[in-house]
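Descriptive analysis of the structure
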There are 2 protein chains.
Amino acid sequence: MTESDLPVAQLTPGRWGDPAHRVELPAAAVEALKHLGVQRPTAPTRAPGAAGALGATPLSFLTAVVGDEHVVTDLGSRWAHTRGYSTTDLLRFRAGDTSDMPEAVVYPASHEQVVELLAGCAEHDLAVVPYSGGTSVVGGLAPSRRFVTVDLRRLDQLVAVDEISRTATLQAGVRGPAAEALLAERGYTLGHFPQSYEGASIGGYAAARSSGQSSAGYGRFDQMVVGLTLATPRGTIELGRAPMSAAGPDLRQLVLGSEGAFGIITSVVVRIRPRPTERHFEGWRFESFDAGLTAVRRLAQDGPLPTVLRLSDEVETAVNLADPDVLGGGSGGVLAIIGFDGPYNQATAEVLTAAGGQNLGEGPGETWRTGRYRAPYLRDPLLDEGALVETLETAAFWSRIPALKAAVTEALVSALSATPPLVLCHISHVYETGASLYFTVICAQNDDPVEQWRTAKHAASQAIADAGGTISHHHGVGTDHRTAYHAEIGALAVEALQAVKHTFDPDGVLNPGILI
Amino acid sequence: MTESDLPVAQLTPGRWGDPAHRVELPAAAVEALKHLGVQRPTAPTRAPGAAGALGATPLSFLTAVVGDEHVVTDLGSRWAHTRGYSTTDLLRFRAGDTSDMPEAVVYPASHEQVVELLAGCAEHDLAVVPYSGGTSVVGGLAPSRRFVTVDLRRLDQLVAVDEISRTATLQAGVRGPAAEALLAERGYTLGHFPQSYEGASIGGYAAARSSGQSSAGYGRFDQMVVGLTLATPRGTIELGRAPMSAAGPDLRQLVLGSEGAFGIITSVVVRIRPRPTERHFEGWRFESFDAGLTAVRRLAQDGPLPTVLRLSDEVETAVNLADPDVLGGGSGGVLAIIGFDGPYNQATAEVLTAAGGQNLGEGPGETWRTGRYRAPYLRDPLLDEGALVETLETAAFWSRIPALKAAVTEALVSALSATPPLVLCHISHVYETGASLYFTVICAQNDDPVEQWRTAKHAASQAIADAGGTISHHHGVGTDHRTAYHAEIGALAVEALQAVKHTFDPDGVLNPGILI
């Protein structure tokens, strides 16, 4: 196969998302970047350099399992499957760095083919990286040794819908929009809308414990999964005979979040809901993030929760709102978004009003809704301009949220003091006992932006640990969070995970260096 | 120590619950049992026979850790810690069978003492059974080798309340009523009310993935736990920095349900809620179990759910209702109970009415509420009369519920055909995608009731597996369900659990033979 045989979406790798949806930075934003000292970089984007090739014997093995036409080894395909979409990934991609490039891309068509591939890889000394949407932002696709990528896009079926139980069986390679389209034909929705929605797929949602923008209403992806099938080098695991069980530990929750290190999730059974016939989104203004925090905590703890609930801090509100008059005449304050899949709930509005919120109407809500997948597209033009832009996130119990937010912000500002950053923050996932915090950092690139971000990220991770947060609420572990993750759960728990991995994958072919 | 030093609740072991709450069978019930062929047994209840004693060296080790006065070796204490409360356990207890008796009972006072005990037990060849409430009904306290019991009742503290996050840190030995009393002083409730409430404790709830009668409103215990501390022979595991996380698998859900085989849970952080200021319980009548099933599924899937939601089948309704006029003049039908912690929700009632339900008012609701912990007390006098009475439970996705119920009933009736049984069933835990089924079996004992039940239970377990249910929704695995459990998750998953156990407990001192 050659590059020209590849699906269109693979023709422009290393930049986020659907080419048709790409955005240009507004002139005002380009102007604003100058205040941060951002300058257009002079280093050219480089094409990929030389890279090791797969030997004839392992290639024969792969083609014997999936067929000649479903193993590709051309540079374009391999380059398109190199790394994910962290800023560091994008910078390395622009530099033509082929160090994390697969030696081949394999497209199995069934669970059985995946099992067969995994069972044989050890014999051919092939490490395997599972690939569904490729949207990892935490180094989930860059293992610590030479590897082949198993791309699951041919596992793209809605296998079954159980309308009595309201469950659907979806294969791992179904992308977010396809899952919604398939379910919509039957009148249902999954309700999982992460920012990676356009690119990510079912298997990735499961493997990385994804959480979507409608999590207040639909829950996290790990709460949607009631059953799953895992292909391991030693065979198949099938889990989930009931919504909940007391038959031992919940092993579904051991596989969800295992990030391809234990096996490849080939299908899941997920809870589905009737597709809503109406939707309502609106903006609310609070005097301050602290005031908004109390309001969203009130909803999380006493209800009634909307489907979408978000609260930006002062900086994010100011940066994101093109028109500050939205907040009522430049008087400052912060923006919250609420959304309902289904009828508008006046009781939710009453809680917000009682907590000091001011209803801004549907305008800001619709603006958010229509732009909800837009933010990641901004990163490529920002990098083009010479800005360093990246996100990170955490979660904690409510009582720790204010100090955690302050500590992470301070750590980022301090670590990037040579290129003073803007640090934006929002809450977008709430629970009775706590919430997530999502940070966006923008500053000028220095001469070595990869190292520049590594230092800042390390400082932020240490601040998260010290302030009692978790190293990731929904991005996952990958290679980027591995050290912090191990500190978070402790050496003995890491040993237990290694024991599980060794059981399923005794030769360590699966995602070496990712998670554990 | 001698038997007279033991707490009062230990003086009459082998019969369920608080002696002050014990009940006598109504004369009508005794009469009714005759129709099942039940005859008062002639075999006398026997005192415990001889049993092995702990050597001086291991005894010294135990007393060195917890102090002389906190290790007891008298027969009374040991007998009181022998087995749990399955019918088989009670029958063996009545027969004076000492085969599952601990050689000593140890009462540690802290997490550190538990770690020290576990770390030293291998050297002294001591297996350990963790004991909090002792209410297992699935053989959770009968390991496969000689052992000492670690009774956690001295770990009885409410350690902390975080009112902002609405969490409480409770030690493992706090019993249900004590937990509620401690939280009530601060204005909160845990909301966990299993039928074992009076006797079971926090550690047991966690280790066995308990689910309480108010699960529709408060969730299962495993959904309440946001953090936990585990003592293992190799040290301490602390889990839970946020309500939810994408930092790897949810290891809390690997410990919850591990039944003491991985370590001893010494404390948990649980979600708490404001104590309700009002409660409402009422009965509803449906024409048939099938009609009621549709109604409760409607509430589970589209809401609004009450706090308590139960539905008895025709047989259970007839047996449990002393006054059949409750259902409206002997016209048959089945009884459902709904309960609200907080204001009555008319919308719930409207869903039930639309599904063909008839509101019976508060009378049957209050009757259920006041007798909610009474059923287990009936078993002892039933056994006294010569009846065999036992319960079993399962859960499945909604679409499988009718066939699963029929298959289990048929299996029990068939296996017990020599002593035709009554088989009662109810639903008491619902989810969007499925529900639990809880069966009660009553028949005449034959000459070997332990074997009689073993055969019936085996048939029911096979029926559950064949019909796609889980072997336990909230009782757990213990030794009784171990074989069926392993078939349910498969040999490879069992190996993974063994690998986890070996990591935490390399010498296999913890609950050998239970779970795995």
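Residues numbered from 1 in each chain as written. Chains lettered and ligands numbered in written order. Predicted model: local features only at pLDDT ≥ 70, side-chain atom pairs only at ≥ 80, totals over all residues. Heavy atoms only, no water.

What chain A contains, in helices and strands, is 19 helices and 18 strands. What you see for chain A is a C-alpha radius of gyration of 23 Å, in line with the 24 Å of a compact globule of 516 residues. Taken along its principal axes, the extent of the C-alpha atoms in chain A is 70 × 60 × 45 Å. Expressed as a percentage of its 516 residues, the buried residues of chain A come to 62%. A fraction of 76% describes how many contacts in chain A between residues 6 or more apart in sequence connect residues 24 or more apart. Accessible area for chain A stands at about 18400 Å²; split by element, carbon and sulfur atoms hold 52% of it. (Helix = DSSP H or I, 4+ residues; strand = E, 2+ residues; numbered from the N terminus. Rg over C-alpha atoms; globule rule 2.2 N^0.38 Å. Buried < 20%, exposed > 50% of the residue type's maximum accessible area, 1.4 Å probe, protein only. Contact = heavy atoms within 4.5 Å. Areas by Shrake-Rupley, 256 points an atom, 1.4 Å probe, with all protein chains shown as cover.)

Looking now at the sheet that holds strand β8 (residues 225–232) of chain A. All names here are of chain A. Taken in spatial order, the five strands make up an open sheet running β5-β6-β10-β8-β9, and their pairing is antiparallel. Whereas interior strands pair on both sides, the edge strands pair on one side only; in this sheet they are β5 (158–162) and β9 (235–239). Neighbour-to-neighbour, the strand axes of this sheet turn through a mean angle of 10°, independent of strand direction. (Pairing = 2+ DSSP bridges. Axes fitted to C-alpha atoms, helices over the stretch in contact; angles between N-to-C directions.)

Before going further, it helps to examine the nonpolar core. By size, the foremost hydrophobic cluster in this structure holds 149 residues, and its most contacted members are A:Phe221, B:Phe221 and B:Ile427. What B:Ile427 contacts, discounting residues up to four positions off in sequence, is B:Phe289, B:Leu293, B:Leu309, B:Arg310, B:Leu311, B:Trp398, B:Ile401, B:Ala435, B:Ser436 and B:Leu437. Among the nonpolar cores identified, the runner-up in size contains 49 residues, and A:Leu90, A:Ile401, A:Val441 and A:Ala463 belong to it. (Core = buried A, V, L, I, M, F, W, Y, C linked by side-chain atoms within 4.5 Å.)

It takes a turn of 180° to lay chain B on chain A, together with a shift of 0.0 Å along the axis; the resulting RMSD is 0.0 Å. Taken together, the turn and the small shift mark the pair as related by a two-fold rotation axis. Nearest to the rotation axis, the C-alpha of B:Ala499 is located 2.7 Å from it, this being the minimum over chain B. Looking at chain B, 100% of its interface residues are interface residues in chain A too, so the copies touch through the same face. (Least-squares fit on C-alpha atoms with pLDDT ≥ 70 in both.)

Together, A:Val315, A:Val319 and A:Leu422 line one region of the surface with nonpolar side chains, adding up to about 180 Å² of accessible area. Looking at the secondary structure, you find A:Val319 in helix α12 (residues 314–320). (Patch = residues over 30% accessible without salt bridge, like charges linked within 9 Å, V, L, I, M, F, W, Y side chains within 5 Å. Salt bridge = Lys/Arg side-chain N within 4 Å of Asp/Glu carboxyl O.)

Here the focus is the packing of helix α4 (residues 87–94) of chain B against helix α15 (residues 375–385) of chain B. All names here are of chain B. Running from amino to carboxyl end, α4 crosses α15 at an angle of 55°, the nearest separation of the two axes being 11 Å. It follows that α4 is oblique to α15 by the angle criterion. Viewed along their axes, α4 and α15 form a crossing whose handedness is right-handed. Across the interface between the two elements, Thr87, Leu90, Leu91 and Arg94 from α4 touch Arg379, Asp380, Leu383 and Asp384 from α15. The residue inventory of the contact of α4 with α15, partitioned by class, reads three nonpolar, one polar and four charged. (Parallel < 35°, antiparallel > 145°, perpendicular 65-115°, else oblique. Left-handed = near helix turned anticlockwise from the far one by under 90°. Nonpolar A, V, L, I, M, F, W, Y, C, P; charged D, E, K, R; others polar.)

All names here are of chain B. Relative to the helices and strands, Thr189 resides in strand β7 (residues 188–189). Note on Thr189: relative accessible area 0%, which makes it buried. A polar contact is formed between the side chain of Thr189 and the backbone nitrogen of Gly191, at a distance of 3.1 Å. In this structure Thr189 touches Glu180, Leu183, Tyr218, Ile272, Arg273, Pro274, Arg275 and Pro276, once residues within four positions along its chain are discounted. (Polar contact = N/O pair within 3.5 Å; in protein donor to acceptor, adjacent residues only side chain to side chain.)

All names here are of chain B. One open sheet holds the five strands; their spatial order is β5-β6-β10-β8-β9, and the pairing between them is antiparallel. Two strands in the sheet have a free side with no partner beyond their single neighbour: β5 (158–162) and β9 (235–239). Each strand of the sheet is rotated relative to its neighbour by a mean of 10°, with strand direction disregarded.

All names here are of chain A. Counted under the stated rule, the structure contains 52 salt bridges over all chains. Residue Glu103 is joined to Arg146 by a salt bridge in which the shortest nitrogen-to-oxygen separation is 2.2 Å. Of this pair, Glu103 sits in the loop between α4 (87–94) and β2 (105–106) while Arg146 sits in the loop between β3 (127–131) and β4 (147–151), and the two are 43 residues apart along the sequence. For the salt bridge of Glu366 with Arg369, the shortest nitrogen-to-oxygen distance reads 2.9 Å. With Glu366 and Arg369 both in helix α14 (residues 362–370) and three residues apart, the pair spans about one turn of that helix. Given the relative accessible area of 26%, Glu366 is considered partly exposed. Three or more residues are tied together by salt bridges with common partners; here these are Arg15, Arg94, Asp380 and Asp384.

Another point: the interface of chain B and chain A. The interface of chain B with chain A comprises 76 residues on the first partner and 77 residues on the second. Between chain B and chain A lies a buried interface of about 5800 Å² when both sides are counted; carbon and sulfur atoms form 61% of it. Between chain B and chain A we count eight salt bridges in total. Salt-bridge contacts for A:Asp302 lead to B:Arg166; the nearest nitrogen and oxygen are separated by 2.8 Å. (Buried area = accessible area lost by both parts, 1.4 Å probe.)

Residue and element names in this part refer to chain A. Taken N-terminus to C-terminus, the directions of α4 and helix α17 (residues 449–466) make an angle of 165°; their axes are 10 Å apart at the nearest point. By the criterion of interaxial angle, the relationship of α4 to α17 is roughly antiparallel. As α4 packs across α17, the resulting crossing turns out to be left-handed. Of the residues in α17, those in contact with Thr88, Leu91 and Arg92 of α4 are Pro449, Val450 and Trp453. Residue composition of the contact of α4 with α17, grouped by class: four nonpolar, one polar and one charged.

Looking now at helix α15 (residues 375–385) of chain A. Residues and elements named next belong to chain A. Across the eleven residues of α15, eight count as buried, placing the element largely inside the fold. Buried residues in α15 make contact with α1 (27–35), α4 and β16 (387–397). After α15 finishes, the residue Gly386 shows a positive phi value of roughly 105°.

A rise of 1.5 Å per residue sets the reference length of helix α11 (residues 289–302) of chain B, with its 14 residues, at 20 Å; its end C-alpha atoms lie 20 Å apart and thus fit the reference within 8%. Where α11(B) ends, the next residue or the one after it, B:Gly303, has phi of about 70°, a positive value. (Expected span 1.5 Å × (residues − 1).)

To continue, consider the packing of aromatic side chains. Residues and elements named next belong to chain A. Per the counting criterion, the structure on display carries 16 aromatic pairs over all chains. Between Trp79 and Phe93 the ring centres are 4.1 Å apart and the planes differ by 20°, which places this aromatic pair in the stacked class. Placement of Trp79 in helix α3 (residues 75–80) and of Phe93 in helix α4 is noted, with a sequence separation of 14 residues between them. On the basis of relative accessibility, which here comes to 8%, the residue Trp79 falls in the buried class. (Phe/Tyr/Trp six-rings, centres within 6.5 Å; stacked < 30°, edge-to-face > 60°.)

Let us look at the pairing of β3(A). All names here are of chain A. Most of β3 is tucked away, with five of its five residues classed as buried. Where burial is concerned, the two faces of β3 agree: the one with Ala127, Val129 and Tyr131 and the one with Val128 and Pro130 are both buried. Direction of pairing for β3 relative to β4: parallel, over a ladder of five bridges. Bridging across to β4, Pro130 finds its partner in Val150.

Glancing now at the confidence of the model for chain A. Residue and element names in this part refer to chain A. Mean pLDDT for chain A: 93, with 96% of residues reaching 70 or above. Segment residues 1–11 is flagged for pLDDT under 50; beyond a separation of four residues in sequence, or across chains, it makes 15 contacts in the model. Confidence estimates for the predicted assembly give a pTM of 0.96 and an ipTM of 0.96. (pLDDT = per-residue confidence, 0-100.)

For the rest of this paragraph, the subject is unusual backbone geometry. Residues and elements named next belong to chain A. The omega torsion of the bond from Gly303 to Pro304 falls at -5°, within 30 degrees of zero and hence cis. With a phi angle near 55°, Asp125 is a residue other than glycine that sits in the positive phi range. As for its position among the elements, Asp125 is in the loop between α5 (111–121) and β3. Judged by relative accessible area, Asp125 falls into the exposed class, the value being 57%. Of note in the backbone geometry, Arg166 takes a positive phi value of approximately 55° without being a glycine. Counting through the fold element by element, Arg166 comes out in the loop between β5 and β6 (167–171).

A separate point is the environment of A:Tyr344. All names here are of chain A. Relative to the elements of secondary structure, Tyr344 occurs in the loop between β14 (334–341) and α13 (346–354). By relative accessible area, which is 27% here, Tyr344 ends up partly exposed. The spatial distance from the C-alpha of Tyr344 to the C-alpha of Glu278 is 8.8 Å, given a sequence separation of 66 residues. Setting aside its immediate chain neighbours within four residues, Tyr344 contacts His280, Glu282, Trp284, Ala349 and Asn359. Of note is the side chain of Tyr344, whose polar atom sits 2.4 Å from the side chain of Glu282.

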